[in-house]
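Listed below, chain by chain, are the residues.
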Amino acid sequence: MAEDKKTKTEETAKTESCEKKEKKKTTKKDSEIEALKKELQQKSDLLTRTAAEFDNFKKRTEREKSGIAEFAKADVIKKLLPIMDNIERANAADKDSPDYIKGIEMIVKQFTSLSETLGIEEIGSEGEKFDPNFHEAVMHIEDENFGENEIALVLQKGFKLGDTVIRPAMVKVAN
């Protein structure tokens, strides 16, 4: 019997030891799960804040861009106002007087000067090779005096600012 008690005690001790190990494993797993949940929550919060900051950045950039565009338009209009004033004066003047013609010539010079100041270039001239990137062909003629795809007549001037075509030249193309 003493041996039976000893065996039962050993078995009980082993069982208790296994249960303690199981509890330690479970407790360790629970703590790892809690740590991972906490880390996940932190990453989720960081992601939410980053998304909100990015959204605010996009909105702020859009407002700044629209403010710059408005400022640029206002600057160009401010430069056009003296020309518009002169056009109104010319319109009110006697159309038969030599001063009228002189005034119109001054307006053209003033506008040309403003165009140069703004960096606007005229595109399309007679004798130039036709380029669909800069010219719009509205007529085509056969004429031996012109080469292949050569501009015979500019019907409406074209303009570009830097590499951007503001308006293509409307042209008559030969051959």
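Residues numbered from 1 in each chain as written. Predicted model: local features only at pLDDT ≥ 70, side-chain atom pairs only at ≥ 80, totals over all residues. Heavy atoms only, no water.

## Overview of the overall build of the protein
Counting secondary structure elements, the protein contains two helices and six strands. Counting from the amino terminus, helix and strand elements in the protein follow one another as α-α-β-β-β-β-β-β. Sequence separation of 24 or more characterises 60% of the internal contacts of the protein that already satisfy a separation of 6 or more. (Helix = DSSP H or I, 4+ residues; strand = E, 2+ residues; numbered from the N terminus. Contact = heavy atoms within 4.5 Å.)

## Quick look at the sheet that holds strand β4 (residues 158–161)
Spatially, β1-β4-β5 is the arrangement adopted by the three strands of the open sheet, whose pairing is antiparallel. A strand with exactly one partner marks an edge of an open sheet, and here the two such strands are β1 (120–123) and β5 (164–167). Looking at each pair of strands side by side, their axes are set apart by 35 degrees on average, direction ignored. Of the strand pairs in this sheet, β4 and β5 are connected by three bridges, and their pairing is antiparallel. From the neighbouring strand, Leu 161 faces β5, where its bridge partner is Thr 164. (Pairing = 2+ DSSP bridges. Axes fitted to C-alpha atoms, helices over the stretch in contact; angles between N-to-C directions.)

## Observations regarding the pattern of salt bridges
Going through the model one piece at a time under the given rule, you end up with four salt bridges. For Glu 122, the salt bridge identified is with Lys 157, shortest N-O distance 3.6 Å. With Glu 122 in strand β1 and Lys 157 in the loop between β3 (150–156) and β4, this pair connects stretches of sequence that are 35 residues apart. By relative accessible area, which is 47% here, Glu 122 ends up partly exposed. (Salt bridge = Lys/Arg side-chain N within 4 Å of Asp/Glu carboxyl O. Buried < 20%, exposed > 50% of the residue type's maximum accessible area, 1.4 Å probe, protein only.)

Shape is all these values report; function is a separate question.
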